[in-house]
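The primary structure of each chain is shown beneath.
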Amino acid sequence: MNINKAVMKAYETKSLKEIADAPVSALQGVSEGDAEHLKAAFNVKTVRDLANLKFVHWAQAITKLADTEE
């Protein structure tokens with residue numbers, strides 16, 4: 001799987017498990033400052049923490065359901 005556009009250069013050769021456990025700033029577009037805000041607001045430290053954040057799950061569910069709403 002090519003995820004080079006999703007992660008910072010330093011993480012391009014890492015396994016998915018390593019990326020999941022990496023700091024959230026490993027994701028393209030998430031700065032160190034953004035990472036600090038996520039940590040302060042939601043205690044998000046890793047990519048895995050972000051993916052498991054209940055607010056992310058809620059937002060994903062709402063948008064999926066919204067696409068099917070008539």
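Here the structure is shown first, and the text comes after it.
Quantities reported herein were computed from a predicted structural model and do not represent experimental measurements. Here, residues in each chain are numbered from 1, in the same order as that chain's written sequence. Selection of residues for local features in this predicted model requires a pLDDT of at least 70, selection of side-chain atom pairs for listing and counting requires 80 or more, and totals for whole chains, interfaces and linings are taken over all residues. Where side-chain values are given, they derive from all heavy atoms of the structure, hydrogens and water being excluded.

(A) Examining the side chain of S25 more closely. With respect to the helices and strands, S25 occurs in the loop between helix 1 (16-20) and helix 2 (32-42). We call a residue buried when its accessible area falls under 20% of the maximum for its residue type, exposed when it is over 50%, and partly exposed in between, using a 1.4 Å probe and counting protein chains only. The class of S25 is buried, set by a relative accessible area of 13%. The contact partners of S25, leaving out residues within four places of it in the chain, are M8, V30, S31, E32 and A35. Secondary structure follows DSSP: runs of H or I at least 4 residues long count as helices, runs of E at least 2 residues long count as strands, and numbering of each begins at the N terminus. When checking whether two residues touch, look at their non-hydrogen atoms; a contact exists if any pair is within 4.5 Å.

(B) Focus on unusual backbone geometry. We note that N43 has phi near 60°; this positive angle belongs to a residue other than glycine. Structurally, N43 is set in the loop between helix 2 and helix 3 (47-52). Of the residues examined, N43 reaches a relative accessible area of 47% and is grouped as partly exposed.

(C) Molecular detail of the nonpolar core. Residues belong to a common nonpolar core when they are buried Ala, Val, Leu, Ile, Met, Phe, Trp, Tyr or Cys residues joined through side-chain atoms within 4.5 Å. Core analysis: the largest hydrophobic core is formed by six residues, namely V24, V30, A35, L38, V44 and L53. Apart from the residues within four sequence positions on either side, V44 is in contact with V24, A35, L38, K39, D49, L50 and L53.

(D) Local environment of the side chain of T46. Structurally, the position occupied by T46 is in the loop between helix 2 and helix 3. Judged by its relative accessible area of 18%, T46 is buried. A distance of 3.0 Å separates a polar side-chain atom of T46 from the backbone nitrogen of D49. Those residues in contact with T46, other than ones at most four positions away along the chain, are A20, D21, A22, P23 and V24. By the criterion applied in these results, polar contacts are pairs of N or O atoms within 3.5 Å in which, for protein atoms, one can donate a hydrogen and the other can accept it, and in which residues neighboring in sequence qualify only through two side-chain atoms.

Remember that the coordinates give geometry; whether it matters functionally is a separate question.
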